[in-house]
Amino acid sequence: MSNAFDAIDVIRAKRDGVPLSAGQIRWVVDAYTRGVVPDEQMSALLMAIFFRGMSGDELAAWTQAMIDSGERKDLSSLGRPTADKHSTGGVGDKITLPLAPLVAACGVAVPQLSGRGLGHTGGTLDKLEAVPGWRADVHEEAYLRQLREVGAVICAAGNDLAPADKLLYALRDVTGTVESIPLIASSIMSKKIAEGADALVLDVKTGSGAFMKSAEDARTLARTMVGLGEAAGVRTVALVTAMDRPLGRAAGNAVEVAESVEVLAGGGPADVVELTLALAREMLAGAGRDDVDPADALADGRAMDVWRAMIAAQGGDPDAPLPSPAETHVVTAPATGTLTRLDAFSLGVAAWRLGAGRARKEDPVSAAAGVVWRAGVGEQVTAGQPLLELQTDDAARIPRALEALEGAVGVDTGEQPLPLILDRITA
Ligand code: URA
């Protein structure tokens, strides 16, 4: 691309509220990805976007430029519909694990290029790596073969998937510009559109454990992402769902795999089952298969069969015992009554401090670390009963995890939990 623009002019225009042209946006994203525009100029532009926002036209051009920094995959050779799901991230959010094989068992292929966890929310790949032998890296040919033969693949995104996002996300992380709705929406949607699925379902979380603390911001993010997906020809729907408390009964890596397997075996916590089925129905409808009821595939074991095949195809042993922790510590219920608070953010930080998550990209995670809770919000508890079990490889981590849990549990506080599914957003 020619050097038709000057980064300083682009920064000044955005700073002063002058709309950027599609040409300026294409140029600046491409030049930054090639290393022609340096980090300090892109940092200034991101901060200007943070304060000024982006118009619909600017956002569409920005997202397209991020897609064009890599390759948009073509899955038409599969000969069957494809659908994917993206969650904005939450505590105990293991839904991808049962969901991908479930939707595949219903005849719709699921190409899931996932990431690792950073901070208090876990990453899907970190969870699956708790399965002995399972590998996150799948090269292009094996990826298509697995989609064809098994119907579902969950693996690490290669470097050709929206490479501009990798650079921009790392820069946003250190410049205080992550929490911008247009920047979050373009970051997520550039990767999801490039992945090539026909239909996309977004699970936009709201509450203390989510990126979007307020339901209104979550709705705005959901509407923005649905608009970008539809404009790119991907049938896109979003559910806005609760993350004031964690999902299911476990947060960590091996513990979340174990809970997912329970769901695939026809059991598991009611909220995980409800959300898995709701998202599966949206994915199937988006892919043109609303004639199929995913509850049947869960009940008759077809989803479990796909799970086993999906794990084995990536080197994992679905029958191997999962890693277990060297140390545990029990926290008891503080009073008798209804559990009205189980704060998602606090539990996420506790699991992270126990070793389940990482503070820096290059840190290792512990497969066995996490938190398991014996009662969910709305259930009765008795003073002194075991409520939380902290699990770790390293007992020295327990005090800091307990600090994170101060004030996290409340009995009869009068708080009203959010409904599990708050809203459904369509184009
Ligand atoms: N997840 C992403 O992929 N990008 C963001 O900007 C935020 C969350």
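Right, let's walk through the structure included here.

The rules behind each value
Residues numbered from 1 in each chain as written. Predicted model: local features only at pLDDT ≥ 70, side-chain atom pairs only at ≥ 80, totals over all residues. Heavy atoms only, no water. Near = heavy atom within 4 Å. Polar contact = N/O pair within 3.5 Å; in protein donor to acceptor, adjacent residues only side chain to side chain. Areas by Shrake-Rupley, 256 points an atom, 1.4 Å probe, with all protein chains shown as cover. Helix = DSSP H or I, 4+ residues; strand = E, 2+ residues; numbered from the N terminus. Nonpolar A, V, L, I, M, F, W, Y, C, P; charged D, E, K, R; others polar. Pairing = 2+ DSSP bridges. Axes fitted to C-alpha atoms, helices over the stretch in contact; angles between N-to-C directions. Contact = heavy atoms within 4.5 Å.

**Notes on the site of the ligand**
Logical step 1: Surrounding the ligand, one finds Y169, R172, I184, S187, I188, K191 and F211.
Logical step 2: Here an oxygen atom of the ligand and a side-chain polar atom of R172 are 2.9 Å apart.
Logical step 3: K191 places a polar side-chain atom, nitrogen or oxygen, 2.5 Å from an oxygen atom of the ligand.
Logical step 4: Here the ligand loses 88% of its free accessible area of 240 Å² to cover by the protein chains.
Logical step 5: Going through the elements one at a time, α8 (163-173) and α9 (181-194) are the ones with two or more residues in the shell around the ligand.
Logical step 6: The element contributing the most residues to the shell around the ligand is α9, with four residues.
Logical step 7: Of the residues assigned to the shell around the ligand, the class counts are four nonpolar, one polar and two charged.

**Section: the sheet that holds strand β10 (residues 380-381)**
Logical step 1: Sheet architecture is open: three strands sit in the order β10-β8-β12, paired in antiparallel fashion. Of all the strands in the sheet, the pair left with one neighbour each is β10 and β12 (409-411).
Logical step 2: One ladder, built from two bridges, connects strand β8 (residues 337-342) with β10; its direction is antiparallel. Bridge pairing in β10 links T338 to Q380.

**So, the sheet that holds strand β7 (residues 327-332)**
Logical step 1: Spatially, the four strands line up as an open sheet ordered β6-β9-β11-β7, and their pairing is antiparallel. The open sheet has two edge strands, β6 (250-252) and β7, and neither has a second partner. Going from strand to strand, the sheet's axes swing by 15° on average, the running direction of each strand aside.
Logical step 2: By the bridge criterion, six bridges tie β7 to strand β11 (residues 386-392) in an arrangement that is antiparallel. Bridging from a neighbouring strand, V330 pairs with E389 of β11.
Logical step 3: Helix α11 (residues 254-264) contacts β6, β9 (370-373) and β11 of the sheet and is inclined by roughly 135° relative to β6.

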